[in-house]
Amino acid sequence: MKIYNTLTQQKEEFVPIEPGKVRMYVCGLTTYDYAHIGHARMLVAFDVVVRYLRAAGYQVTYVRNITDIDDKIIKRAKENGEPFDVLTERFITFTHEDEAALGIVRPDIEPRATGYIGEIIAMTQTLIGNGSAYAADNGDVYFSVPGFANYARLSRKNPDELLSGARIEVDESKHDARDFALWKAAKAGEPGWPSPWGFGRPGWHIECSAMSTTCLGHTFDIHGGGTDLMFPHHDNEIAQSEAATGNTFVNLWMHNGPVRVNDEKMSKSLNNFFTIREVLQKYPAEVVRYFLVASHYRSFINYSEETLQIGYDALERFYHALKGLDTNAVVPAADSVYEQRFHAAMHDDFNTPEAIGVLFELVREINRLRNTDAAQATGLAALLRKLGSVLGLLQANAEEFLRKGGAVDAALVESLIAQRNAARAAKNWAEADRTRDQLKALSVVVEDKNGVTSWRIER
RNA sequence: GGCUGGAUGGCAGAGUGGCCAUGCAGUGGACUGCAACUCCACGUACGCCGGUUCGAUUCCGACUCCAGCCUCCA
């Protein structure tokens, strides 16, 4: 299996540290607001990675953290006039609901920064002890960047140019402008924990180093996150982790691309984001998920009504193929060329668009066979569901999907269909068409196939 | 300015040194009472300029444009 490694800028044959096992850490959310589609992209991208690694036979330990203490949380809690942990608790619940709706597999461990204060303090002490960090006179503790060789090698930034960069905030307490906080002293009224350096809280980057190495060991296989975290967050994680443990931190770095709106990145700071739950008001969760896996995880994707509609159309085609074929208790067709090609695509750095292309060819084969060889068609339909599950798709009941969860009165629809079929039997076409128009007024489309009339909701 | 990545047919989106992505939309045909669904067939493409090559959308170089990061961000 080949996976693109940001560290080397190329696809590499994936070789886990322990044969058959994968230890993987992904930077999760800071929980002070609703999760948006950009977060959904990260969640789905690594969800597919985990699903596929497991489908490929690996035993995966998936860790995805929650940042439940930081400056933005403190600020928002203050604005709301509530304790910070009440705020984060609420949004952790909301985020879990959104994840469940999108069918995201739960991580094996979901550490929270506030649950690892002891480990964070211990790591910070280690860094001070070996000269990699220092306690400043303002109560903060900083990591000393100049002492770390190959700083920012992940983002390939030149350390000297970083120093001259105009955007670095000058802080008198820092020995070097590039140094970053491991521990921040609490100002009056701010939450915190006791530490050797006084009452305070962790800096942003140290929590991920402490949580990942505690849960997965000093060196682990895969670390993931959004491409916007590459610098400074991931580079700082590397610096402090390797300075603390003396070991290589991570073998393989994966970064998912951003979601754009009108050619601009969707982000909190630009305030152009769509929350997951507002999008789920307009589209079924599976459509949102399809939209997110229909492009490669490393490319940027553009959020628009049109691209979501395309996803809807695509899923309708899949479910039309699945409709009427009972795949329960059916053994999926084995050794098919479709399955082989699907895996070949996924083996190549999780190429989901190509894998989906194969799935569409499978759909055509199912439709070709369904009237001539139902058994074979059903076996392929079962295969379609099996492969779809790797992407977290195509697990719904086909009729229900096509009926959009039943927003209309099914009994009324059935009775109108009975009326129409009576008229058709009597060859009263005018009456039959009139009834169909009534159905159409309810957004119901009828399909006569092999003497059976079925229906769906048109969008 | 530095570092990354991108530019593919009406739209979305893969990929490849010479032949097919795939989906939606479009056109023609089959099926249908008519439709819908489905099937068959068809069309339109690789930003621009050079180079390498028998042959380049694919490799190399320049150029143009776009985006991400360099400040909190998935």
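No experiment lies behind these values; they were computed from the predicted model shown.

Turning next to the packing of helix 6 (residues 204–216) against helix 7 (residues 230–245). For any two helices packed against each other, one specifies the crossing angle of their axes together with the interaxial distance. The N-to-C vectors of helix 6 and helix 7 enclose an angle of 55°; their axes lie 9 Å apart at closest approach. In this view, helix 6 runs oblique relative to helix 7, as classed from their interaxial angle. Handedness of the helix 6/helix 7 crossing: right-handed. Contact residues: helix 6 offers Trp204, His205, Ile206, Cys208 and Ser209, while helix 7 offers Pro232, His233, Asn236, Glu237, Gln240 and Ser241. Looking at side-chain class alone, the contact of helix 6 with helix 7 contains four nonpolar, six polar and one charged residues.

Moving on, we get to the nonpolar core. Core analysis: the biggest nonpolar cluster contains 79 residues, and Met24 and Leu53 have the highest contact counts within it. In terms of residue count, helix 1 (residues 37–55) provides more of this core than any other element does, twelve residues in total. Viewed by domain, this core spans two of them, domain 1 (2–256) and domain 2 (261–402), each represented by three or more residues. If near-sequence neighbours (up to four positions away) are discounted, Leu53 is found in contact with Met1, Phe14, Val22, Met24, Tyr58, Val60 and Ile222. Counting 48 residues, the second largest nonpolar core, distinct from the first, contains Ala113, Leu162, Ala210 and Ile238.

A sheet is described by the order of its strands in space; here three strands give the open sequence 12-11-13, paired in mixed fashion. At either margin of the open sheet sits one strand with a lone partner, and together these are strand 12 (264–265) and strand 13 (301–302). Relative to strand 12, strand 11 (residues 259–261) runs antiparallel, the two being bridged by two bridges. Residue pairing across strands places Arg260 opposite Lys265, the latter belonging to strand 12.

The next subject is the domain arrangement of chain A. We note that the domain assignment places domain 1 (2–256), domain 2 (261–402) and domain 3 (410–457) within chain A. Here domain 2 and domain 3 have C-alpha centroids that lie 30 Å from each other. The interface is formed by six residues belonging to domain 2 together with five residues belonging to domain 3. It is His320, Lys323 and Leu402 in domain 2 that bury the most area against domain 3; as a group they hold 59% of the surface buried on that side. Across the domain 2-domain 3 interface, the total number found is one salt bridge. Where Glu447 meets Lys323, a salt bridge forms, and the shortest distance between an N and an O atom there is 3.1 Å.

A few words on the sheet that holds strand 10 (residues 250–256). A sheet is described by the order of its strands in space; here four strands give the open sequence 4-3-9-10, paired in parallel fashion. Each edge of the open sheet carries a strand with a single partner, namely strand 4 (59–64) and strand 10. Sheet twist, expressed as the mean angle between neighbouring strand axes with direction ignored, is 20°.

A few words now on the packing of aromatic side chains. This structure, assessed with the given rule, holds 20 aromatic pairs. With centroids separated by 6.4 Å and ring planes inclined at 55°, the aromatic side chains of Tyr25 and Phe220 adopt a geometry described as tilted. Within this pair, whereas Tyr25 is found in strand 3 (residues 21–26), its partner Phe220 is found in strand 9 (residues 220–226), the two being separated by 195 residues in sequence. As far as burial versus exposure is concerned, Tyr25 and Phe220 are alike and both buried. Geometrically, the ring pair formed by Tyr134 and Tyr142 is tilted, given 5.9 Å between the ring centres and 45° between the ring planes. Tyr142 shares its class with Tyr134; the two are buried. Taken together through their ring pairs, the aromatic side chains of Tyr25, Phe220, Phe249 and Trp253 make up a single cluster. For the cation-ring pair, Lys268 lies above Phe273, with the distance from its terminal atom to the ring centre recorded as 5.9 Å.

It is worth spelling out the state of the cysteines at this point. The full count for this structure, using the stated rule, is zero disulfides. Cys208 provides the cysteine sulfur closest to Cys27, a residue in no disulfide bond, and the two sulfurs are 3.9 Å apart. Taking relative accessible area as the criterion, Cys27 reaches 4% and is therefore assigned buried. A disulfide-free cysteine, Cys215 has its sulfur positioned 11 Å from the sulfur of Cys208, the nearest such atom.

Basis of the calculations
Residues numbered from 1 in each chain as written. Chains lettered and ligands numbered in written order. Predicted model: local features only at pLDDT ≥ 70, side-chain atom pairs only at ≥ 80, totals over all residues. Heavy atoms only, no water. Axes fitted to C-alpha atoms, helices over the stretch in contact; angles between N-to-C directions. Helix = DSSP H or I, 4+ residues; strand = E, 2+ residues; numbered from the N terminus. Parallel < 35°, antiparallel > 145°, perpendicular 65-115°, else oblique. Left-handed = near helix turned anticlockwise from the far one by under 90°. Contact = heavy atoms within 4.5 Å. Nonpolar A, V, L, I, M, F, W, Y, C, P; charged D, E, K, R; others polar. Core = buried A, V, L, I, M, F, W, Y, C linked by side-chain atoms within 4.5 Å. Buried < 20%, exposed > 50% of the residue type's maximum accessible area, 1.4 Å probe, protein only. Domains from an automatic or database assignment. Pairing = 2+ DSSP bridges. Buried area = accessible area lost by both parts, 1.4 Å probe. Salt bridge = Lys/Arg side-chain N within 4 Å of Asp/Glu carboxyl O. Phe/Tyr/Trp six-rings, centres within 6.5 Å; stacked < 30°, edge-to-face > 60°. Lys NZ or Arg CZ within 6 Å of the ring centre and 35° of its normal. Disulfide = S-S within 2.5 Å.

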